[in-house]
Amino acid sequence: MSVTLSGANDCTNGGLVFGVLDDAASCYEISIAHTSGFPANGTVDVYGGASKMTIKHDTMVSTTGTGWSSTVNMHEGATLVVPDTFRWGAKGPRLVMEGGLAQLRKGNDTGAVNYANQMTLRGATLDGAILFCGFGPDGVWHVEGEQASSVTAGEIRTASAATQGTWILDVADVTGNGEADLTIDAPITLYTNASNPSLYPDSRIVKRGSGSVSLTKSLATGIASVRVTEGALVLGSDQVFSSANDNLVLDGGALEVKAGIAASVGAVKVLSDSAITLGEGASLSLAAQPEAEWSAEELAISGPQKPGHSIRFGTSSSALTMQQVKKIRYNGKQVRLDKDGYLLTEPFGLMVIFK
């Protein structure tokens, strides 16, 4: 069964409810094919095990005005589809995924993409082509509920200038078992405007909330800062950061390197007490950073320690200042740098006193 909204549907401050509640195998498709298909300030709820809502109009997900005045709730089992001929606009409705799947297919280099600015994911899957995040007022992804969510995309582009904003990942600890609460399987790039390169000179990503975000693809060196204020940013592959990434900021959160991953990061700012966790067989190579800002009292590092392998700063014992070294604890112990920049917890030598 299918329903198409093709004319003006003025449900200002009201709502629309669709779905099949008593038959999970039923297929109920709602097609939105008009600029006024959504309530101006209300909600759209889609229920049902096989229910699907398909967007078939560009302008109904407005790129102008105040935006986000309505909300689309896709309940468990329902699917949202935006075909590659249409898009979810920069100031379109808030998207709340209660489980289920969102397929945002459009993507090219002319700006005709899907804007994933305001989303709540609760055990949901988002599948996209090119997604824009952090455009317009701050883009926020909330991860809630009791199950992990995942995002797969050909590319996620983020940008912010004075009038733009920041891409905020507000992720709760929904798994409760140390596993990733949100997995992003997509390269994260910096959007540039060919006609006006100065339009997007800065880009910021903030990880907050007690949960963890796992990245598996590369993160652009041009992104100005990736700030972890709560929870953990998890490196799920060795290609997320590179030695050229000087944009990681630990400000109360943690950086986690998954087991078996050999990760590299450039200079890191440590602004408040933070942590680094290494999985079994993991290693982390950071740039020499005697000039980096370390205003924190402590950087707590935990995980297996293999001398000459686990974690290093630069390539010499002078890669950090003495003040920085004093702030590091490795599994609760004080550290020093060896001649190649690796962290050691062994004492400098053995003192024997004869009486």
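Here, the structure is the one placed above.
## Observations regarding the sheet that holds strand S29 (residues 311-313)
Overall, parallel pairing links the three strands, which are arranged S24-S27-S29 in an open sheet. A strand with exactly one partner marks an edge of an open sheet, and here the two such strands are strand S24 (262-265) and S29. The sheet shows a mean angle of 10° between the axes of neighbouring strands, taken without regard to direction.

## Overview of the environment of Gly 211
The residue Gly 211 is located in the loop between strand S18 (204-208) and strand S19 (212-215) in this model. Here Gly 211 falls in the buried class, since its relative accessible area comes to 1%. For the pair Gly 211 and Leu 233, spaced 22 residues apart in sequence, the C-alpha separation works out to 8.9 Å.

## A look at empty space enclosed by the protein
Throughout the structure, instances matching the rule amount to three cavities of 30 Å³ or more. Taken as a whole, the largest cavity spans an internal volume of roughly 50 Å³. For the largest cavity, the full set of lining residues is Leu 169, Ile 184, Ile 188, Ile 205, Lys 207, Leu 215, Leu 219, Val 226 and Leu 233. A breakdown of the residues in the lining of the largest cavity according to their chemical character gives eight nonpolar, no polar and one charged.

## Regarding the packing of aromatic side chains
Both the distance between ring centres and the angle between the ring planes are used here to describe each pair of aromatic rings. In total, this model carries two aromatic pairs according to the counting rule given. Residues Trp 294 and Phe 313 carry aromatic rings whose centres are separated by 6.2 Å and whose planes lie at 65° to one another, so their mutual orientation is edge-to-face. Linking Trp 294 in the loop between strand S27 (283-286) and strand S28 (299-302) with Phe 313 in strand S29, this pair joins segments that are 19 residues apart in sequence. Among the residues examined, Trp 294 registers a relative accessible area of 9% and is labelled buried.

Calculation notes
Residues numbered from 1 in each chain as written. Predicted model: local features only at pLDDT ≥ 70, side-chain atom pairs only at ≥ 80, totals over all residues. Heavy atoms only, no water. Pairing = 2+ DSSP bridges. Helix = DSSP H or I, 4+ residues; strand = E, 2+ residues; numbered from the N terminus. Axes fitted to C-alpha atoms, helices over the stretch in contact; angles between N-to-C directions. Buried < 20%, exposed > 50% of the residue type's maximum accessible area, 1.4 Å probe, protein only. 1 Å grid on protein atoms, 1.4 Å probe; cavity = no way out; pocket = protein on both sides within 12 Å on 5 of 7 lines; lining within 4 Å. Points joined across faces, edges and corners; volume = space filled by probe spheres on them. Nonpolar A, V, L, I, M, F, W, Y, C, P; charged D, E, K, R; others polar. Phe/Tyr/Trp six-rings, centres within 6.5 Å; stacked < 30°, edge-to-face > 60°.

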